[in-house]
Number of protein chains: 2
Amino acid sequence: MIETPYLLFLGDAPDMLAAKVAIGIRDWRPDHAVGQLRLAGCGADLGLAEMDLRAGREAGAKTLVIGVANRGGVISAAWKDVLIEALGMGYDIASGLHNLLRDEPELVAAANEHGRALHDVRVPSVQYPIANGVKRTGKRCLAVGTDCSVGKMYTAMAMERDMVARGMKATFRATGQTGILITGGGVPLDAVIADFMAGSIEYLSPDNDADHWDLIEGQGSLFHVSYSGVTMALIHGGQPDALILCHEPTRAHMRGLPDYTPPSLETLRDTALPLAQVANPACKVVGISVNTQHMDEADARDYLEKTSKRMDLPATDPYRFGSKPLVDALAAM
Amino acid sequence: MIETPYLLFLGDAPDMLAAKVAIGIRDWRPDHAVGQLRLAGCGADLGLAEMDLRAGREAGAKTLVIGVANRGGVISAAWKDVLIEALGMGYDIASGLHNLLRDEPELVAAANEHGRALHDVRVPSVQYPIANGVKRTGKRCLAVGTDCSVGKMYTAMAMERDMVARGMKATFRATGQTGILITGGGVPLDAVIADFMAGSIEYLSPDNDADHWDLIEGQGSLFHVSYSGVTMALIHGGQPDALILCHEPTRAHMRGLPDYTPPSLETLRDTALPLAQVANPACKVVGISVNTQHMDEADARDYLEKTSKRMDLPATDPYRFGSKPLVDALAAM
């Protein structure tokens, strides 16, 4: 539905964490990204070719993808100038921000004038049911984190890739804008109306073959007070058979919450598992996924080994060292 | 904003639990309800004067309030006939259903034709912020339940009434359509977009005097898989200093979920308190509110006494026996 390839717009993203959408596209569909476009003050850098709008078009880009997530998801005036210029040059625009492209009259006017499309992947296109809690066939794995932005999507993406390569039946189920932009489908969970959150996840992950695994993309954290309700709905709507604990060990405080300290992996396990067992009494914690991007390789391997021993669970950084220990754990269930 | 008094429309509500909105209005603002209007097959009865639309108008009713909550909140064809007739007879209509009055073209046309108002109290009228988790001044009490519809709103309403009567500073903060219809303001939490749920509760319960108590209306249950995400957002957005555990001891299964058993009060305490302490480490469980409507008085008193002893907490049915033990617990903090 969204025309590829993309030019990735990073705007004035303060840091790499804010560029999660663009990074996901680069890493999981590298063929879709011809380059990056950054504004003054941008603190994010994907290492892609630096392009302005004209260079992007010359490289074949058909869609300008807004690759950054702002706090609150607002489209600034500085951004709007670029987006209007892009429409005039023949780009479609795709965005996962709360502030919809279609709600900005200048963008709508420019898109109409130039016959271009505005894709708001954040907006639900389905009227989801209220969750009924009925047990579904097939198996489900959910990644839960000590914080937001600790690698839950990467974990599920990496596991899907490795499981399919092994001949297992596995489907990544996107619950956020990045996953939807990458895979072309899913539930934009953080834009779903509260009463229908759990039902949207039941809808996303329906009955399936007994040996099929849905790898449901996690969101937020039970310990992140801004988004914990979203996480709770995933745990109960997802009915996971397997939980993966996700962690980023160098985080000094919860993302965006300077007064909040991330919990330990033990606290995450002891909080998430009983809640998951409300919907699926057979649920187990099967492994640990550590985002080691801020550690050198020796430190990362040491941390993983010690954590695995301490928690008596397989532990890996699936992006850096592969997801094999986690996939082995699912295969053994 | 909504003109009083009301005629309470019960439709074809299957039972009294479905008529929560109407019961709340009858109990907390009896002067606002001139009577009840029931369709064939209605299993709910408020004990109010039975009236058709004409009799309601003759008794002075200005607004027809939809007093029932359907699963999914849909306006049926049978209901629509009544609502259109009501608009023709000079009623405004107020509703807290997900299915908005304003989304029904025949209702909009009839309201326009007759110059009447359609009030959808379910729809947020504010763009809520994302929660920032910053500690607020003043004190907050939140009721959490073993299930939905166990008396959380009644508990907070009763405590507010008794606290104000004692000269304490207290404000009921509505988070559902009944509370909003009764008090005229609040956050329709189950209609808020997922990412803004906790922020809407921060907005609802701002900084206040150090000795002021907000009595925040609870929603759902951490153990009800359809709505647990909403409850989680209340616990983290509310930053409660005090939790009241709410329970209905005769419930055989979770409301609407035949395969799910309600948890014990101990399990509720041990689940809700650590989650609340993420946002407010000083939070305490201070009392128990039991909905004893299906028990005779001797059984109810016996249950309360045993439960209080077992849990080492004050326990009462605030509607039947008064909220004094709970208010005493807040006054002692």
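Keep in mind the model is a prediction, meaning the values are calculated, not measured. Residue numbering note: each chain is counted from 1, following its sequence as written. Going through the entries in the order they are written, you letter the chains from A and number the ligands from 1. A pLDDT threshold of at least 70 governs which residues receive local features in this predicted model, and a stricter bar of 80 or more applies before side-chain atom pairs are shown or counted, although totals over entire chains, interfaces and linings include all residues. Water and hydrogen atoms play no part in the side-chain values, which are based on all heavy atoms of the structure.

Enquirer: Pulling in residues and values, what's your account of the interface of chain B and chain A?
Expert: By definition in these notes, contact holds between two residues if any of their heavy atoms fall within 4.5 Å. Taken together, the 37 residues of chain B in the interface contact 37 residues of chain A. By buried area we mean the combined loss of accessible area, with a 1.4 Å probe, across both parts when two parts are placed together. Buried area between chain B and chain A, summed over both chains or domains, comes out near 3000 Å², and the portion from carbon and sulfur atoms is 62%. Summed over the three residues of chain B that lose the most area to chain A, namely D195, V225 and Y260 of chain B, the buried surface amounts to 18% of that side. Each salt bridge in this description consists of a side-chain nitrogen of Lys or Arg and a carboxyl oxygen of Asp or Glu lying within 4 Å of one another. Our enumeration of links across chain B and chain A arrives at zero salt bridges.

Enquirer: Summarise the nonpolar core; cite the residues concerned and give the values.
Expert: The biggest cluster of nonpolar side chains holds 98 residues, and the ones touching the most others in it are L243 of chain A together with L243 of chain B. Those residues in contact with L243 of chain B that lie beyond four places of it in its chain are L142, V144, A272, L273, A276, C283, K284, V285, V286 and G287 of chain B. If you look at the next biggest cluster of nonpolar residues, it comprises 71 residues, including L37, C42, M89 and L181 of chain A. Joining through side-chain atoms within 4.5 Å is the link that ties buried Ala, Val, Leu, Ile, Met, Phe, Trp, Tyr and Cys residues into a set, and such a set is a nonpolar core. Relative accessibility under 20% of the residue-type maximum defines a buried residue, over 50% an exposed one, and the middle range a partly exposed one, all with a 1.4 Å probe and only protein chains included.

Enquirer: How would you explain helix α9 (residues 265-279) of chain B if you had to name every residue and give the values?
Expert: Taking 1.5 Å of rise per residue, the 15 residues of α9 of chain B would be expected to cover 21 Å, and the 22 Å separating its terminal C-alpha atoms lies within 8% of that figure. Every helix listed is a DSSP run of H or I at least four residues long, and every strand listed is a run of E at least two residues long, numbered separately from the N terminus. Taken together, the buried positions of α9 of chain B are occupied by L265, L268, T271, A272, L273, L275, A276, V278 and A279 of chain B. Buried-residue contacts for α9 of chain B involve α9 (265-279) of chain A together with β6 (139-145), α8 (228-238), β9 (242-247), β10 (284-290) and α10 (297-311) of chain B. To estimate how far a helix should extend, the number of its residues minus one is multiplied by 1.5 Å.

Enquirer: With reference to specific residues and values, describe unusual backbone geometry.
Expert: Phi is mostly negative for residues that are not glycine, and the peptide bonds are mostly trans. Cis geometry marks the peptide bond from T4 of chain A to P5 of chain A; its omega dihedral reads 0°. Along the chain, P5 of chain A falls in the segment before β1 (6-11). At S149 of chain A, a position not held by glycine, the phi torsion is positive, near 55°. Structurally, S149 of chain A can be placed in the loop between β6 (139-145) and α5 (152-165). Even without being glycine, D312 of chain B reaches a positive phi, approximately 55°. In this fold, D312 of chain B is placed in the loop between α10 and β11 (315-316).

Enquirer: Outline the side chain of T271 of chain B, supporting the account with residue identities and numerical values.
Expert: One can find T271 of chain B in helix α9. Judged by its relative accessible area of 17%, T271 of chain B falls in the buried class. For T271 of chain B, the residues in contact, after removing those within four places along its chain, are L275 of chain A together with L222 and F223 of chain B.

Enquirer: So what's going on with the sheet that holds strand β4 (residues 92-95) of chain B? Which residues, and what values?
Expert: Residues and elements named next belong to chain B. The pairing criterion for strands is at least two bridges between them, as found by DSSP. Sheet architecture is open: five strands sit in the order β2-β1-β3-β4-β5, paired in parallel fashion. Each having just a single partner strand, β2 (33-38) and β5 (118-120) make up the two edges of the open sheet. Recorded for the sheet is a direction-independent mean angle of 20° between the axes of neighbouring strands. The axes are straight lines fitted to the C-alpha atoms, using for helices just the contacting stretch, and the angles between their N-to-C directions are given from 0 to 180°. In the packing of helix α3 (residues 77-88) onto the sheet, the strands contacted are β1 (6-11), β3 (63-66), β4 and β5, and the crossing angle to β3 comes to about 160°.

Enquirer: Which residues make up the packing of helix α8 (residues 228-238) of chain A against α8 of chain B, and what values go with them?
Expert: In contact at an axis separation of 7 Å, α8 of chain A and α8 of chain B are set at 155° when each is read in the N-to-C sense. Classified by the angle their axes make, α8 of chain A and α8 of chain B are roughly antiparallel. α8 of chain B is crossed by α8 of chain A, and the crossing has right-handed handedness. Contact residues: S228, G229, M232, A233 and H236 of chain A in α8 of chain A; S228, G229, M232, A233 and H236 of chain B in α8 of chain B. Put simply, angles under 35 degrees are roughly parallel, angles over 145 are roughly antiparallel, angles from 65 to 115 are roughly perpendicular, and the rest are oblique. Two helices that cross are described as forming a left-handed crossing if the nearer one is turned anticlockwise from the farther one by less than a right angle, and a right-handed crossing if clockwise.

Enquirer: Provide a residue-level description of the domain arrangement of chain A, including the pertinent values.
Expert: By convention, interface size is frequently given as the accessible area that disappears when the constituent parts associate. Residue and element names in this part refer to chain A. Where each domain starts and ends comes from a domain assignment, either automatic or drawn from a database. Per the domain assignment, the segments of chain A are domain 1 (6-120) and domain 2 (139-332). Each partner contributes to the interface: domain 1 provides 19 residues, whereas domain 2 provides 16 residues. Here domain 1 meets domain 2 over a buried area of about 1600 Å², counting both sides, of which 59% is carbon and sulfur. For the interface between domain 1 and domain 2, the tally reads one salt bridge. Residues D15 and R255 are paired through a salt bridge, measuring 3.9 Å at the closest nitrogen-oxygen approach. Nitrogen and oxygen atoms within 3.5 Å of one another constitute a polar contact, given that in protein one can donate a hydrogen and the other can accept it, and given that sequence-neighbouring residues count only through two side-chain atoms. Run the count over domain 1 and domain 2 and you get four residue pairs in polar contact (both at pLDDT 80 or more). Here the side of domain 1 that touches domain 2 gets eight residues from one element, more than from any other, and that element is helix α1 (residues 20-28).

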